[in-house]
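# Coordinate analysis (summary)
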Amino acid sequence: MNLRKVDRQSIPAIVFVVSFLLIGGKSAQASESDPWTYAHIPLEDSKVLVNEQLANAIQVVIDTINSAPVAELKSLGDTALEFAFFTSFRSQHVRDVTWGMFEKCIGTNNCSGWPRFERIQMYPEESVYHAARWRFIPSRFHLASIIQVCGVRMGADKLTHFFDDGFHYFNALRSKRKHLDPEDIRQLSMVFEKSYMGTRLTGIVSRADIEANLAGVQFYSDFFIGDSPMIGRDRNGRLLMLRKPDICDYVTDQYDERILPNEYTF
């Protein structure tokens, strides 16, 4: 991003959120995927499995919040209860220094209570990055699994961007300390993508990662607000799931790096 093209009002907001994310535990681990090698191998769609695990994760947090005494729940305003929900959600389901829960469990197929996902996990030396003698991390270290969700073939790292990075950006967006809008989040995503969370380590700028970040912000925004929120309250103040989440409402073909190509640069 060329900061000279950012309006003066946006710069302080972006500086604030950079600090917010770094202090708040934004992961510095970069992960890339190779969508070309083995692209001819079909994959079973994982949308049902992802939706089931996502609904379970949300319900666990709802049950945690609802375990408080009814009198205490009734005394909480909607904003306070929403804050309590997201505080618990983050502590239980959002990583700080490692892979996101979905990427880790899909990539390893070794998480207790999780189903097995059909995915392609390749050795780094099998990938196009190794053949091209690209930067150290994508060519010789970790590569995200390739999965298919809602008919879109993508790296499992897109789920980390969606669920985990999207949460951190959403958290910053909702802060009352600065006024931010989605364009600020897009610019900030590019700042991080071109930093040590992306390009500086891997030599790759993934615009698909940025699209997943923004979709994640919308996903969390739909929990409590909008025309059809996922979560509401009953007459006793307890949370209840009004509708189950559907990952397909947020996945687009822009997650496929063959369709939205990366920028490769040192």
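Before reading on, note that the structure itself is shown above.
Residues numbered from 1 in each chain as written. Predicted model: local features only at pLDDT ≥ 70, side-chain atom pairs only at ≥ 80, totals over all residues. Heavy atoms only, no water.

Remember that side chains alternate between the two faces of the sheet whenever the strand is regular. Here strand β2 (residues 152-155) shows two buried faces, one formed by V152 and M154 and the other by R153 and G155. For strand β1 (residues 146-149) and β2, the ladder comprises four bridges, and the chain directions are antiparallel. In the sheet register, I146 faces β2, and the bridge partner there is G155. Between β1 and β2, which pair antiparallel in sequence order, lie two residues; one of them, C150, sits at a positive phi of approximately 55°. (Buried < 20%, exposed > 50% of the residue type's maximum accessible area, 1.4 Å probe, protein only. Helix = DSSP H or I, 4+ residues; strand = E, 2+ residues; numbered from the N terminus. Pairing = 2+ DSSP bridges.)

Here the focus is the state of the cysteines. A complete count under the given rule lists two disulfides for this structure. Note that C105 is cross-linked by a disulfide to C111, the S-S spacing being 2.1 Å. Across the S-S bond linking C105 and C111, the dihedral sits near -85°, which makes this disulfide left-handed. Residue classification places C105 among the buried residues on the basis of a relative accessible area of 5%. In this model C150 forms its disulfide with C248; the gap between the sulfur atoms is 2.1 Å. Note on the C150 and C248 pair: the S-S dihedral is about -90°, so by sign convention the disulfide is left-handed. (Disulfide = S-S within 2.5 Å.)

We now examine helix α5 (residues 101-108). Burial in α5 covers these residues: F102, E103, C105, I106 and G107. The secondary structure elements touched by the buried residues of α5 are α2 (47-66), β1 and α8 (157-173). Residue N109 follows α5 closely and has a positive phi angle near 50°. (Contact = heavy atoms within 4.5 Å.)

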